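Analysis of the macromolecular model
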Amino acid sequence: MSVYDERDPRSTLPTARRPAAVDRAAIAEPEVFDFSVLVPDEVTALGSKTWIVRAQNAVLAYTKARAGDRFDRVGHADEYAVILPHDSSSARVAAGEAAEIVDGKAVLIVPPGTSTVTAQSDTDIVRLFTPSPELAARARNAASYARPHPRVRLLEQWPEPVDGYRLRVYRGIADIQRDPSRFGRIFRNRAFMINFLYHYDGPRDTTALSPHDHEDFEQISLAVDGEFIHHLRTPMGKDKADWRDDQHVRVGSPSVIVIPPPVLHTSEACGPGRNQLLDIFSPPRTDFSDRGWVINAEEYPAMRATEPIPAR
């Protein structure tokens, strides 16, 4: 079920139907991680602090980096994404013979191989990886995915970029104007879709929320500024023992919530200043791609539409 305002571009999206066998599978618990109050998972010698969490198909590392600190990946198998979430962000990213210094809000796609991300100042850096065994084991919620979640579509990587692997930098996100025909500011690679949503100045209008659910994929919502209340409703199945009360979880920033299918959800900005949220999906969403909402779509061919996940 989805409840979108008629002005919301998502109101035109088709809705797939879950196979009956998947409908009988247990619904996972939403997982919430408020890094503003949690002890970090890793601290470097320079004092950079990193929190690491995962979903079915993604590992997210959020780092409050100290100037000059560097974060290396040696022989990394897949592309990964770097998100610079703030106007004040500044980092140098090097991969192979390519290197870029990037200031302000940006999304970067780093090619497979060896790479380095260096903080140019005290800055927040988000890295988004596919879940190799090494990275998945470092996530604080690794035990939640000891077995694949049966309702979540497993990652099938989308086609390779048309001009091959290379360091890709998408700057100027703050300058992308609102377009009523497009939902947010969306970028993708083979494994991820990143939606840099427009921020709210002050609280969101509570008469225009957008409760909705997803058929077969998780949503990672990353708050990088302000405060949010995540409203969550788990559908009731035949077994009352599995029913859950509605949840209304207030978080600060930075924070992450992993929302499993088919939990009904909407996020309400509630802080007095800037409230900024990013939505992350893996695999990328064909419905968003088919609408022409992806800004870098010419670089990454779309996957053809697939059927909802089979029962596992």
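Read on for an overview of the structure. Given the structure is predicted, the values throughout are model-derived calculations rather than measurements.

1. With respect to the overall build of the protein chain
- Within the protein chain, the secondary structure is distributed over 3 helices and 21 strands.
- Here the C-alpha radius of gyration of the protein chain, 19 Å, is about what a compact globule of 312 residues would show, namely 20 Å.
- Expressed along its principal axes, the backbone C-alpha trace of the protein chain runs to roughly 55 × 40 × 40 Å.
- A total of 312 residues make up the protein chain; the buried ones form 53% of that total.
- Within the structure as shown, the protein chain displays about 14200 Å² of accessible surface, and the carbon and sulfur contribution to it stands at 50%.
- Charge-centre separation for the protein chain: the mean point of 38 positive side chains lies 2 Å from the mean point of 44 negative side chains.

2. Let's talk about the sheet that holds strand β20 (residues 264-269)
- Taken together, 3 strands build an open sheet; the order of strands is β18-β17-β20 and the sheet is antiparallel. The open sheet is flanked by β18 (247-251) and β20, the only strands paired with a single partner. On average, each strand axis in the sheet is tilted by 20° relative to the strand beside it, whichever way the strands run.
- As judged from the 6 bridges shared by strand β17 (residues 228-233) and β20, these two strands associate in the antiparallel manner. Along β20, the bridge assignment pairs Leu232 with His265.

3. Here we look at empty space enclosed by the protein
- The final tally for this structure, using the stated rule, is 1 cavity of 30 Å³ or more.
- Taken together, Ala55, Asn57, Ala58, Glu218, Ile220, Ile280, Phe281 and Ser282 make up the lining of the largest cavity.
- For the lining of the largest cavity, the residue count by class is 5 nonpolar, 2 polar and 1 charged.

4. Quick word on the side chain of Thr123
- Here Thr123 shows up in strand β11 (residues 123-129).
- Accessibility expressed as a relative area gives 5% for Thr123, which makes it buried.
- From its side chain, Thr123 meets the backbone nitrogen of Ser90 in a polar contact 3.3 Å long.

5. Topic: the pattern of salt bridges
- With the rule as written, the count across this model stands at 19 salt bridges.
- Taking the shortest distance from any N to any O, the salt bridge between Glu299 and Arg168 comes out at 2.6 Å. With a gap of 131 residues between them, Glu299 in the segment after α3 (286-290) and Arg168 in strand β12 (residues 168-170) connect regions that are remote in the sequence. Arg168 shares its class with Glu299; the two are buried.

6. Remarks on the nonpolar core
- In this structure, Leu60, Val107, Leu128, Leu222 and Val256 are the most contacted members of the largest nonpolar core, which totals 30 residues.
- The element contributing the most residues to this core is strand β16 (residues 219-225), with 3 residues.
- When neighbours within four sequence positions are excluded, Leu222 is seen to be in contact with Leu60, Tyr62, Val126, Ser255, Val256, Gln276, Leu277 and Leu278.

7. Considerations on the packing of aromatic side chains
- Applying the stated criterion across every chain, the model contains 9 aromatic pairs.
- Plain terms: the ring middles of Phe35 and Trp51 are 5.6 Å apart, the flat faces sit at 20° to each other, and that makes the pair stacked. With a gap of 16 residues between them, Phe35 in the loop between β1 (31-34) and β2 (42-43) and Trp51 in strand β3 (residues 49-54) connect regions that are remote in the sequence.
- With 5.7 Å between their ring centres and 75° between their planes, Phe183 and Phe288 make a pair best called edge-to-face. Of the two residues, Phe183 sits in the loop between β12 and β13 (186-188) while Phe288 sits in helix α3, which places them 105 residues apart along the sequence.
- Judged by its relative accessible area of 1%, Phe288 is buried.

Each value, and the rule that gives it
- Residues numbered from 1 in each chain as written.
- Predicted model: local features only at pLDDT ≥ 70, side-chain atom pairs only at ≥ 80, totals over all residues.
- Heavy atoms only, no water.
- Helix = DSSP H or I, 4+ residues; strand = E, 2+ residues; numbered from the N terminus.
- Rg over C-alpha atoms; globule rule 2.2 N^0.38 Å.
- Buried < 20%, exposed > 50% of the residue type's maximum accessible area, 1.4 Å probe, protein only.
- Areas by Shrake-Rupley, 256 points an atom, 1.4 Å probe, with all protein chains shown as cover.
- Lys, Arg positive; Asp, Glu negative; His and termini not counted.
- Charge placed at Lys NZ, Arg CZ, Asp CG, Glu CD.
- Pairing = 2+ DSSP bridges.
- Axes fitted to C-alpha atoms, helices over the stretch in contact; angles between N-to-C directions.
- 1 Å grid on protein atoms, 1.4 Å probe; cavity = no way out; pocket = protein on both sides within 12 Å on 5 of 7 lines; lining within 4 Å.
- Points joined across faces, edges and corners; volume = space filled by probe spheres on them.
- Nonpolar A, V, L, I, M, F, W, Y, C, P; charged D, E, K, R; others polar.
- Polar contact = N/O pair within 3.5 Å; in protein donor to acceptor, adjacent residues only side chain to side chain.
- Salt bridge = Lys/Arg side-chain N within 4 Å of Asp/Glu carboxyl O.
- Core = buried A, V, L, I, M, F, W, Y, C linked by side-chain atoms within 4.5 Å.
- Contact = heavy atoms within 4.5 Å.
- Phe/Tyr/Trp six-rings, centres within 6.5 Å; stacked < 30°, edge-to-face > 60°.

The values reported here are purely geometric and, on their own, carry no functional implication.
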